Amino acid sequence: MSAAAHVKAASFKVAPSKLALAGEALVARGGLVLLATTLLVFLAVPLVMILIRSAEDRDGAWVGLANFVAYLNSPSVGNSLTNTLQFALMTTLVTVPLAFVFAFAIQRSRIPYKGLWRNVAMIPILAPSLLAAISFIYLFGNQGWLKFVIEWFGIKTIYGMPGMVLAMTFSSFPHALMILLAALALSDARLYEVAEALGTSERRKFMTITLPGAKYGLVSACMVVFTMAVSEFGIPKIIGGNTQVLAVDIYKQVIGQQNFQIGAVVSLLLLLPAVVAYGIDHLVQRRAQALLTARSVPYQPRRARLRDGLLLAFVVLVSAALLLVVGMAAYGSLVKVWPYNLSLTLNHYTYGFKEAGLEHAYWNSLSLGVWCALLGSAITFTGAYWLEKTRRDQTEGLNFLRPAIRFQAMLPMAIPGMVLGIGYILFFNHPANPLNFLYGTMTVLVLSTVMHFYSSSHLTAVTALKQIDGEFESVSASLKVPFYKTFWRVTVPVCLPSILDIFRYYFVNAMTTISCVVFLYSPKTTPASVSILQLDEAGAIGSAAAMATLIVVTAAVVTGVIFTLEWWLVRRTQAWRNTAQS
Amino acid sequence: MAYALKLEGIHKAFGDFVALHSIDLTIDSGELVCFLGPSGCGKTTLLRIIAGLERQTRGTIIQDGRDVSHAPPAARDYGIVFQSYALFPNLTIEQNVAYGLVNRRKARGEIKARVNELLTLVGLPTEGRKYPSQLSGGQQQRVALARALATSPHLLLLDEPLSALDAKVRERLRGEVRGLQRRLGVTTIMVTHDQEEALSMSDRIVVMNQGAIEQIGTPGAVYERPETPFVADFLGKVNVLKATALGGGRYRAGTVDLELPADGFAAGETVRIYLRPEDRHVEGDIAALPNRLTGKITGIDYLGTFCLAELACPGLGKPIQISYSLNQMHDLDVRLGAEIQIALRVDRVRVFADRAAAPFAAASVA
């Protein structure tokens, strides 16, 4: 019967048309070229423009290092450099230990409600960094409600380094925490069991097992916080007072004085610490691979009353502080005149925005967020697929593009947003550029933001793709089904939770970012995050707080919706998901 | 017999590393050929080249009289099963099996009938609505097989299809796959590093090592008449005795003289004698046979149905391993410390030139 079946089914044989085959290779090649071109035009070339312009005078003539000499000889530069480094260093020294203890409490103790603390700790991600600066002005500013607290510590005014470090700590805390949570999640219980069998004290176990195990995470967290602080622009602008930092210098040179050459010079200086930090992190991570084997047994913390009690108190305190910062901004936005008239009003949300001509800002940001999320997740995921899963022989002659794409995809990780923004101005505002028409449009805001946050999204996509079977494309080729059909029918459904993650990441970051878009918006496209800056400059701190609150609430709602969607999706598809774990 | 596939001078280099050295191979219609070799020998690369998933540096592939050397996978005629099965997790078993059929614009009823036929063929007629993760490893493997056969390819490629399974399931599936292949008469190439699998399933075995073919032959031929030391060593267990040829088929290993049918070595040449544990007479009138060895048993590896006894023969140098069935073990009183006499089965013993060791031999003489 079976042999007959084989023969009978011969009617199923259809020679695939030459055209369809050519089409498949064309799609593979076209996708690769498109991705490479997109990254080149919207990432690499703008960055190269910075290099070129830094060596030109206002008329475009080559002047070599003259701009660098001019800037480095200006009287304020020494201050900017020292302040920037001091700001970054202090923030790192405050944030990383706090985040480490917090992560330790969650991963290595038996405190209750871990999920709650974890979620609360992530709240700063939903907020523009400016929110923290505004909150701290409300709390500790000249009319601050808790001003006496900083006076205990001998701090006269919150404006300047103290406020900057506090606000930056708030903003960077979840980023450090995520890295340290991951670092402390990986642990081999058997190391602790061996230590115990040898009669090792708790202290010694911590020093010889826990800390070395988290070493690479700690370095990584330090580098991330340091880089964030070096390239932070909003916080020093709002709460920095007279403290000058490099990021604000760029803003003043480019926006204030239209001095693009010096702007380019400062960009390159700003790039320096970021690239060094990125390089160190990269080097250290390469050594981190072999610490844990597949056979490691996860560590289960045991109950220890004193330790758990102290850690719980710490976690509650930090969570309360984080909530206080967000809550203060929200409360401030609802109060008529802080601190004189505490009756509640929505005026800051209505008249406040209108008076400043910013009633469209929120809707601009919403549209920016949605477009970035849609376009970003589409480009990133499809791009990662084309990069990792198309056959090399199908793209013969174009394979040199793959390493180039990989490099460019990871590049934004080391590029501060402001630097990218300057590159965009220099490139898209250039009169000879045929893409000049994009300048000042929503499109350029969307594209720059997608590029700015490309690396993390790309990594998420690549990780998801590497987790699925590597032979799907080979099987579909043997069945004469073009790979792009399998991409749509199998890869996308399997990776949908990761795609939603990328979507959420782009949306939230597009809502909160300021550093890159601050150079690229036009009066019509002003995003909400930038408008906070304008409202603050105009002295409308209530409306600035209102705008910041709107962003947090929107980001939180969208995050909630997407998490619910992911949960529903995984539940609905659990018939084929996860059951195969053997 | 008409050949189904002909490889001529298939060469593959990855930069400086040569993965395949000019492979020539002809595969007949309807036979099951195994590519057998240690990991890194190039067997999987060769399979992927046949599938068009990897491009050879040079060489020609002729399939059913058609030159497909540069054809993309979709323009070749084959079905493939991977070690991981690569079943699409979000599609049901039916959808998986129908995956290659749907693309060919066939009526829905026709496709459904074909899918049922295939699922019956592999013994899973009622599992069509489940998802791959709801099936056992062995069942998944059979679904992958059904999917590969759905479009009635004339060539079936199996890339280590059984190595992800438990030992018991693996053994059962060996027979099933082989039976199915015989019934369908589909030309099949299977890559494996498992010699038992290759010996039990193939019509012919292609033994590969370091990107080259060492020997092609039936399971019996490659096991009993290995043509190279590598084949003798890789398949089954073997004792290697260093010896000197005395001419005329006589050899001296240590102080023991042996007379073997294998000839062709000049007197004084250093050779290696390859002797399998079962290449011996242990029962009957051994004293009447030539090439006797006498020694003391210094160790026993008990392996269930048989054992490997370590026999230390004075004059031979290191001890050799001799196999006994469980019955022989008891009947012949094989135990630690026993004095035993055996006679070599000289028709099976292989002799190879000791190329690598030659300079050392010369040096020791000087």
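Computed from a predicted structure; not experimentally measured. (Residues numbered from 1 in each chain as written. Chains lettered and ligands numbered in written order. Predicted model: local features only at pLDDT ≥ 70, side-chain atom pairs only at ≥ 80, totals over all residues.)

1. Details of the overall build of chain B
Part 1 of the argument: Regarding its fold elements, chain B presents 10 helices and 20 strands.
Part 2 of the argument: In terms of its C-alpha atoms, chain B occupies a principal-axis envelope of roughly 75 × 50 × 35 Å.
Part 3 of the argument: When the 366 residues of chain B are sorted by exposure, 40% land in the buried category.
Part 4 of the argument: Restricting the contact set of chain B to residue pairs at least 6 apart, pairs at least 24 apart contribute 64%. (Helix = DSSP H or I, 4+ residues; strand = E, 2+ residues; numbered from the N terminus. Buried ≥ 20, exposed ≤ 12 C-beta atoms within 10 Å, placed from the backbone. Contact = placed C-beta atoms within 7 Å.)

2. Points about the overall build of chain A
Part 1 of the argument: For chain A, the helix and strand inventory stands at 25 helices and two strands.
Part 2 of the argument: The globule rule puts the C-alpha radius of gyration for 582 residues at 25 Å, and the 26 Å found for chain A is close to it.
Part 3 of the argument: With respect to the principal axes defined by its C-alpha atoms, chain A has extents near 90 × 75 × 50 Å.
Part 4 of the argument: Evaluated residue by residue, chain A yields a buried proportion of 48% over its 582 residues. (Rg over C-alpha atoms; globule rule 2.2 N^0.38 Å.)

3. With respect to the packing of helix α8 (residues 161-185) of chain A against helix α11 (residues 215-230) of chain A
Residue and element names in this part refer to chain A.
Part 1 of the argument: Put simply, α8 and α11 touch, their axes get as near as 9 Å, and they point 160° apart. In this view, α8 runs roughly antiparallel relative to α11, as classed from their interaxial angle. The hand of the α8/α11 crossing is right-handed. On α11, the residues that touch Met-168, Ser-172, His-175, Ala-176, Ile-179, Leu-180, Ala-182 and Ala-183 of α8 are Tyr-216, Gly-217, Ser-220, Ala-221, Val-224, Val-225, Met-228 and Ala-229.
Part 2 of the argument: Along the lines of polarity and charge, the residues of the contact of α8 with α11 split into 12 nonpolar, four polar and no charged. (Axes fitted to C-alpha atoms, helices over the stretch in contact; angles between N-to-C directions. Parallel < 35°, antiparallel > 145°, perpendicular 65-115°, else oblique. Left-handed = near helix turned anticlockwise from the far one by under 90°. Nonpolar A, V, L, I, M, F, W, Y, C, P; charged D, E, K, R; others polar.)

4. Section: the sheet that holds strand β20 (residues 350-353) of chain B
Residues and elements named next belong to chain B.
Part 1 of the argument: Spatially, the five strands line up as an open sheet ordered β13-β12-β11-β14-β20, and their pairing is antiparallel. The open sheet has two edge strands with one neighbour each: β13 (256-259) and β20. Strand after strand, the sheet turns through a mean of 40° between neighbouring axes, direction not considered.
Part 2 of the argument: Relative to β20, strand β14 (residues 270-275) runs antiparallel, the two being bridged by four bridges. Within β20, the position partnered with Tyr-274 by the bridge is Arg-350. (Pairing = 2+ DSSP bridges.)

5. Quick look at the interface of chain B and chain A
Part 1 of the argument: Between chain B and chain A, the residue contacts involve 34 residues of the former and 31 residues of the latter.
Part 2 of the argument: Among the secondary structure elements, those contributing two or more residues to the side of chain B that touches chain A are β6 (79-81), α2 (93-102), α3 (108-121) and α5 (167-184) of chain B.
Part 3 of the argument: Of the residues that constitute the side of chain B that touches chain A, the class distribution is 18 nonpolar, 10 polar and six charged.

6. Here we look at the domain arrangement of chain A
All names here are of chain A.
Part 1 of the argument: What the domain assignment reports for chain A is domain 1 (18-57 + 355-575) and domain 2 (78-288 + 299-344).
Part 2 of the argument: Taking only C-alpha atoms into account, the centre of domain 1 sits 26 Å from that of domain 2.
Part 3 of the argument: Facing 37 residues of domain 1, the contacting portion of domain 2 comprises 36 residues.
Part 4 of the argument: The set of elements that each furnish at least two residues to the side of domain 1 that touches domain 2 consists of α2 (18-54), α19 (417-428), α23 (483-512), α24 (528-537) and α25 (541-572).
Part 5 of the argument: Of the residues forming the side of domain 1 that touches domain 2, the biggest block, 12 residues, is contributed by α25.
Part 6 of the argument: Residue composition of the side of domain 1 that touches domain 2, grouped by class: 25 nonpolar, eight polar and four charged. (Domains from an automatic or database assignment.)

7. Observations regarding the sheet that holds strand β4 (residues 58-63) of chain B
Residue and element names in this part refer to chain B.
Part 1 of the argument: The strand order across the open sheet built from four strands is β2-β1-β4-β5, with neighbouring strands paired in antiparallel fashion. Either end of the sheet is taken by a strand with one partner, and the two such strands are β2 (17-28) and β5 (66-67).
Part 2 of the argument: Note that strand β1 (residues 3-14) and β2 share eight bridges and pair antiparallel. Bridge pairing in β2 places Lys-12 opposite Leu-20.
Part 3 of the argument: Contacts from helix α1 (residues 43-51) reach β1, β2 and β4 within the one sheet, and its direction differs from that of β1 by about 120°.

8. Brief notes about the packing of α23 of chain A against α25 of chain A
All names here are of chain A.
Part 1 of the argument: The N-to-C vectors of α23 and α25 enclose an angle of 180°; their axes lie 10 Å apart at closest approach. Taken together, the axes of α23 and α25 are roughly antiparallel relative to one another. Across the interface between the two elements, Leu-496, Pro-497, Leu-500, Phe-503, Arg-504, Phe-507, Val-508, Met-511 and Thr-512 of α23 pack against Ile-551, Thr-554, Ala-555, Val-558, Thr-559, Ile-562, Leu-565, Glu-566, Leu-569 and Val-570 of α25.
Part 2 of the argument: Taken together, the residues of the contact of α23 with α25 break down into 14 nonpolar, three polar and two charged.

9. Brief notes about the nonpolar core
Residues and elements named next belong to chain A.
Part 1 of the argument: By size, the foremost hydrophobic cluster in this structure holds 275 residues, and its most contacted members are Ile-134, Leu-180, Leu-270, Met-547 and Ala-548.
Part 2 of the argument: At 15 residues, the largest contribution of residues to this core is made by α23.
Part 3 of the argument: Residue contributions to this core reach at least three from each of two domains, namely domain 1 (18-57 + 355-575) and domain 2 (78-288 + 299-344).
Part 4 of the argument: Residues contacting Ile-134, with those up to four places away along its chain left out, are Ile-238, Ala-329, Asp-536, Ile-541, Ala-544, Ala-545 and Ala-548. (Core = buried A, V, L, I, M, F, W, Y, C linked by C-beta atoms within 7 Å.)

10. Brief notes about the pairing of strand β17 (residues 306-312) of chain B
All names here are of chain B.
Part 1 of the argument: Pairing analysis gives six bridges linking strand β16 (residues 292-302) to β17, with the strands arranged antiparallel. Residue pairing across strands places Lys-296 opposite Ala-312, the latter belonging to β17.
Part 2 of the argument: Linking β16 to β17, which pair antiparallel, is a turn of three residues; within it Gly-304 sits at a positive phi near 90°.
Part 3 of the argument: In the sheet, β17 pairs with strand β18 (residues 320-325) via six bridges, with the strands oriented antiparallel. In the strand pairing of β18, Phe-306 is matched with Ser-325.

11. Focus on the confidence of the model for chain B
Residues and elements named next belong to chain B.
Part 1 of the argument: For chain B, the average pLDDT comes to 89, and 96% of its residues sit at 70 or higher.
Part 2 of the argument: Counted against residues more than four places away or in other chains, residues 357-366, with its pLDDT under 50, gives four contacts.
Part 3 of the argument: Reported confidences for the modelled complex are a pTM of 0.87 and an ipTM of 0.83. (pLDDT = per-residue confidence, 0-100.)

12. A closer look at unusual backbone geometry
Part 1 of the argument: Note that the residue after Trp-338 of chain A, namely Pro-339 of chain A, is joined by a cis bond; omega there is -10°.
Part 2 of the argument: Note on placement: Pro-339 of chain A falls in the loop between β1 (335-337) and β2 (341-344).
Part 3 of the argument: Its identity is not glycine, yet Glu-160 of chain B carries a phi of approximately 45°, on the positive side.
Part 4 of the argument: Assignment of secondary structure puts Glu-160 of chain B in the loop between β7 (155-159) and α5.
Part 5 of the argument: Using a count of 20 C-beta atoms within 10 Å as the deciding quantity, one classes Glu-160 of chain B as buried.
Part 6 of the argument: Positive phi outside glycine occurs at Asn-291 of chain B, with the angle close to 55°.

13. Topic: α23 of chain A
All names here are of chain A.
Part 1 of the argument: An ideal rise of 1.5 Å per residue puts 44 Å on 30 residues; α23 reaches only 37 Å between its terminal C-alpha atoms.
Part 2 of the argument: The largest bend in α23 comes to about 65°, at Leu-496, with the proline Pro-497 one to four residues further on.
Part 3 of the argument: With 22 of 30 residues buried, α23 is to be regarded as a mostly interior element. (Expected span 1.5 Å × (residues − 1). Bend = angle between axes of the 7 residues up to and from the residue.)

14. Quick notes on helix α4 (residues 137-149) of chain B
Each α-helix winds once per 3.6 residues, and so residues spaced three or four apart point in a common direction.
All names here are of chain B.
Part 1 of the argument: In a regular helix each residue adds 1.5 Å, so 13 residues correspond to 18 Å; α4 covers 19 Å between its end C-alpha atoms and thus fits that length.
Part 2 of the argument: Counting buried positions along α4 gives 10 out of 13 residues, so the element sits mostly inside the fold.
Part 3 of the argument: Those residues of α4 lying buried are Gln-140, Gln-141, Arg-142, Val-143, Ala-144, Leu-145, Ala-146, Arg-147, Ala-148 and Leu-149.
Part 4 of the argument: For α4, the secondary structure elements touched by its buried residues are β6, α2, α3, β7 and α5.

15. Here we look at the environment of Tyr-351 of chain A
All names here are of chain A.
Part 1 of the argument: Within the secondary structure, Tyr-351 sits in helix α16 (residues 351-355).
Part 2 of the argument: Residue classification places Tyr-351 among the partly exposed positions, given that 14 C-beta atoms sit within 10 Å.
Part 3 of the argument: In this structure, the C-alpha to C-alpha distance between Tyr-351 and Met-223, residues 128 residues apart in sequence, is 42 Å.

16. Examining the environment of Ala-189 of chain A
Residue and element names in this part refer to chain A.
Part 1 of the argument: Summarising the element assignment, Ala-189 is placed in helix α9 (residues 189-197).
Part 2 of the argument: Placed 111 residues apart in sequence, Ala-189 and Gln-300 show a C-alpha to C-alpha distance of 7.1 Å.
Part 3 of the argument: Not counting chain neighbours up to four residues away, the residues in contact with Ala-189 comprise Val-297, Pro-298, Tyr-299 and Gln-300.

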